[in-house]
Amino acid sequence: MQSEQLVRELKKILSPDKVLYEKLDLLSYSYDSSFKARNNRYIPDAVVLPTSTQEVSEVMKFAYKHEIPVTPRGAGSGETCGALAVKGGIVMDLAAWDTIEEVDTENMQVQLRPGVVHAKLNEHLAQYGLFFPPDPGSSKMCTVGGMVANNSSGLRAVKYGTTEQYVLGLEVVLPDGKVITTGGVKSRAIKNVSGMNLTKLFIGSEGTLGVVTKIRLRLWPKPKARGILMAVYDDLENAPKTVLDVYKSGILPSGIEILDSSAIKAVNEYKPEINLPDAEAILLFELDGNPASVEWEGNEVARIAKNRAIKVEWSTDPKRMAELWQGRSVTATAAARVRPDGSRVFAGEDISVPLNKVTESLRRIKEIGKKYGIGVVNYGHIGDGNVHTAPVINPEDSAEVELANKLVDEIHRTAIELGGSTTGEHGIGAVRSQYAREEHGEALDVMYIIKKALDPKGIMNPGKLLPEREEQ
Amino acid sequence: MLQQVPAVKDLIRKCVRCGQCRSVCPLFKEIKNEGAAPRSHVFLTQLLRDGELEPDSALARRASRCLLCKSCSKECPSGIPVDQLVVAMRNHLKDHSKDNVKRLLLSKLFKDQKSLKTAHFLLKTSQVTGIKSLADKTGLLGLISSDLEKANKLTAPVSGKMASKNIAEVTPAKGKRKVRVGYFLGCATNLFYPARAHATIEVLTVNGCEVITPKGLQCCGMPHIANGDVVSAKTMTENNFKLFYDFDVDVIISDCASCSSMLQGDYYDQLFAEGLPAAVTHFKGKIYDLNKFLVDEIDLNANLEKLPKTTVTYHDPCHLVKSQGIKEEPRKILKLIPGVELIEMDGADQCCGGAGTFGISHYDLSRKILDSKIVSIMDTSADCVTTSCPACSMQLGHGLVEHDLKLEVKHPVEFLAEAYRKVK
C-alpha cells in the first residue's frame, strides 16, 4: 500500500491527531539507542498513537488484512532496534497511553496501560509503601510495556529477578486484532497454574507475537533501609570469589556491581570528585531490608570481603551512599570519557555468563579490545553474571565502525563459548538473531512454529528476535 | 556555519539516543510523541549538518519548538547541550522561518533604549485602546495576526514611565563605597517592571554599591539568538561589554535570569567562534545574578524592618536554576525578611512555558505548561508569587489573570527593598 493511502486509511480508524506521517516525525521514529540504528535509517511509513484496546485492535485488523508490518514501541530506549520498523510499515507508539488504572493495595497488585514510565509507576506506588522491583538503568524513561516485551531487569535483578516474576496477567491484541487476556480473565490470584502459561510466552517476545495493551503486576513491600559497601581489589580474580563467599554466608544483597580498571579510570576522569581508588576492580554491594537486618548484613559482608579485598568501606549514610553508588551509575556515561572524540556505542554490551566465568569473560573482552585497537570499558551486574561492555569509538568513522562490528561479534561468540548468553537483559531485536541457532539448537524450530501459529502473515514486528533467513 | 559550531561539530556524536531527555522535557510531556523529544532535535541537527536534510520551513518550525529551558541539557548523561544545537539550527534556518512578527518586534523594538521607548509607547497605546486600534494608527494592519494578538495578551501591563527614565547613569553608594557595580538593566525589567529596577538599585546602594547603569545599554541578545539572529546578538553583546569596561565597573549584575545567563556566555561559542573580545574576557567570573551577588558576594546589610505578614512562593526560572545552578540564594533572601514566609510549590523548578517569545508563536503549548504551574501556585495558597526573571513574571502574571487570581508577581529584591525602606 502506498504511504499516502496508508495514512488516509489510518485516519479513518484513528482520529487524525493520532496518526503521524510528516517526514520529520517519521525520521524521529527511525532510531533507538542501538549502534545499528546509528548507521541505518529505519523509517516507518506511518506512526500511530492509540490509547485504547479497541484502537489497537482496529489498527491490527487493518494491518492484518493488508499485510502491513506493525512495530509496537514504548520509549524507544532499547539497544537492539527492537522498536524500529526495519521492514517499514506502521510504528505503534504506545508511550502516550500511560494510565495507572488501579492500585489494588489489598491484593498488592496494579493494573496499568503499557505507556506508564517505570520511575513514574514507582513514584506513584511509594504512597502505598509498595514497589515494582525490577529497576532498569533506563527507569526514568522506559515504559512498563517495553519492559514486559523485553523482560527487562537491572541492577537489583540479583535479589528481585526480572520483569517476568511480577507479571500476573496481560491483555494482548493478537496480530489479527483479536483481544485475549492471559493469567485468567477475572483472576486476581497471585499463584495461578491454571492453563498454559501464555503470560510468560508474551513476556520477552519483543512484540513479535502481539501488542500488550494492559498489564497486571504483582507488587512488593518497599524496603525501609539500604546500605552500600565498597570492596577494592588489586587482583581481578578475587572480586567474583568474594561474591560467592557472600552467597555462601547466606546473604542475598539487592545488588552486586563490578567496575574493572577501565571503568574506574573512566569514572575518575568523568567525575574526579567521586575519587574511586585506583585498583584492578571495585565491587559495590547494595543491601536492603529493615534497618536492623541491613546493619547486620552490611557488617557481615564487610567482614567477609576483607578476606580478599585490600580495602572495604560500609556506609548507611545517605550522602556517602549516593557518592559510592554514583560510581556505578555514571559508568555507562563515563565510558565515553576515556576518549575525548569518542562515543560509547551500544553493541555487544549485554552478555551474560555463568558466575564462575565472569573473570575470564572480563579478561577475554580486554584482549579482544586490544586485538582490534578499540578501547572497551567493562562493568556490570556481577551478582548474576551480566557483563556490560562499552566499546568507545568514533561512530562517524566508517573504518572504526567496521572494526567495532567485528569486536562485537567476537564478544557475543565468547559469551556462548563460556556457556552464557549473548544478552542478559537487552534482548535480540535486529542485532543478535544470527546467534539463535547456536544458542538454541532445535528449540529455535519450536519458536518458529509458535511465531507462525500466532502471526501467520508475519506482520508483527518482523525482522526481530528470530533469524530472518529461516523465518519463512 | 552550522558545521563550525563546536557543539554541532564535536558533541552530536556523543548522543547515544538513550532518551533520558524525554523524562524532563516540558514540551515532550505535553506533545507526547518522539518528534518532540530533545534527542530528536539532536538527530535532526545531525541530518541537517550532514546534508541528509535540506533547510526548509518544516525544519525551521520544528527547531522553533523548544523552550531553550536547558532541562534536557542538564539531564543528558552524555553532556549534550541540546539548547546550543537548537540555537545553531535556528540561526542556520532563519531564512526559512515564518516568524515575521517576532522578528519585527525584536529587530525594531527590542534593541536599544531608543527603540524601547517606541515599544513602551506602542504597548501603552495598545493596552489602553486595544491592539486593533493600535494597528490602525501605526499602519501595522498588514501584520495583524493571531500572533500579534497573543503577544499583546502575554505582555504585562505597562504603566507610568520606563525604569531608565528615572535612573541616573551613576547612583552613588549609601555610605562608604565598597564596590562599583555595573547594573545590566534588561529590556523587560525596564519596560514592564520599573519598580523592580528601582528596588535593585536601592538594595545595592544600601549595601555600599555604587551602581552604574550605562545609558547606551542594548538588549542582552537572548531574544535575538533564540530567534536565530546571531549577528544582532553579537553586536549588542560587544556594545554592552564595552560600556561596562569603559566605566571600569568591578562586577556586572542583573535582576533578569536570562540576561545574566546570556552575559555569562551561554552562547558565546556561537557568537564569538573567532575568540572572545577583550572586554568580554575581562569580566569572566565577574557577572552575577542579583540574588547570588547579594547572598554570596557582599556582606548583606541585615538591618531589616518587619513587613506585614505575607506568604510567598518562589518559581525557579530555568535560566537561573538550570543555566547557573542558582536555587538557594533567592530563597535565602526571602527567608531573611521578617514577616515574609516562604511556601514551596511542587515543581518549583519546572519551566513556566514562557521562554521569552515562545509563548507568542506556540501559545497553546505554552499555555498547557503554564496551567500546571498555576495549579502548583494555587496549591500553596500563597499571597504572592516571586521569581527572578521578568519573562517568567509576565508568563506567570498572564496565567494568574487567566485563572482569575489576584496575586502579584515580584522579585525577592522588591521585598528586600521594602524592608530596608521601613528602617528609614
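About the cut-offs
Residues numbered from 1 in each chain as written. Chains lettered and ligands numbered in written order. Predicted model: local features only at pLDDT ≥ 70, side-chain atom pairs only at ≥ 80, totals over all residues. Helix = DSSP H or I, 4+ residues; strand = E, 2+ residues; numbered from the N terminus. Rg over C-alpha atoms; globule rule 2.2 N^0.38 Å. Buried ≥ 20, exposed ≤ 12 C-beta atoms within 10 Å, placed from the backbone. Contact = placed C-beta atoms within 7 Å. Pairing = 2+ DSSP bridges. Axes fitted to C-alpha atoms, helices over the stretch in contact; angles between N-to-C directions. Domains from an automatic or database assignment. Nonpolar A, V, L, I, M, F, W, Y, C, P; charged D, E, K, R; others polar.

The next thing to look at is the overall build of chain B. Scanning chain B for helices and strands turns up 24 helices and 9 strands. Relative to the globule expectation of 22 Å for 424 residues, the C-alpha radius of gyration of chain B, 21 Å, shows essentially globular dimensions. Here chain B, with 424 residues, has 55% of them falling under the buried criterion. Considering only residue pairs separated by 6 or more positions, chain B has 81% of its internal contacts joining residues 24 or more positions apart.

Okay, the sheet that holds strand β5 (residues 100-104) of chain A next. All names here are of chain A. Reading across the sheet, the 5 strands line up as β5-β6-β10-β8-β9 and stay open at both edges, with antiparallel pairing between neighbours. The open sheet is flanked by β5 and β9 (179-182), the only strands paired with a single partner. Strand-to-strand twist of the sheet, defined as the mean angle between neighbouring strand axes without regard to direction, takes the value 10°. Where strand β8 (residues 167-173) lies against strand β10 (residues 211-218), 6 bridges are found, and the strand directions are antiparallel. Its bridge partner being in β10, Val167 is matched across the sheet by Leu217.

A word on the domain arrangement of chain A. Structurally, chain A comprises domain 1 (3-93), domain 2 (100-221), domain 3 (225-333), domain 4 (339-417) and domain 5 (432-472). Computed from C-alpha atoms alone, the centre-to-centre distance between domain 3 of chain A and domain 5 of chain A is 40 Å.

We now examine the interface of chain B and chain A. In this assembly, 23 residues from chain B lie in contact with 29 residues from chain A. Contributions of two or more residues to the side of chain B that touches chain A are made by α3 (38-49) and α4 (57-64) of chain B. In terms of residue count, the dominant contributor to the side of chain B that touches chain A is α3 of chain B (4 residues). Of the residues belonging to the side of chain B that touches chain A, the class tally is 9 nonpolar, 7 polar and 7 charged.

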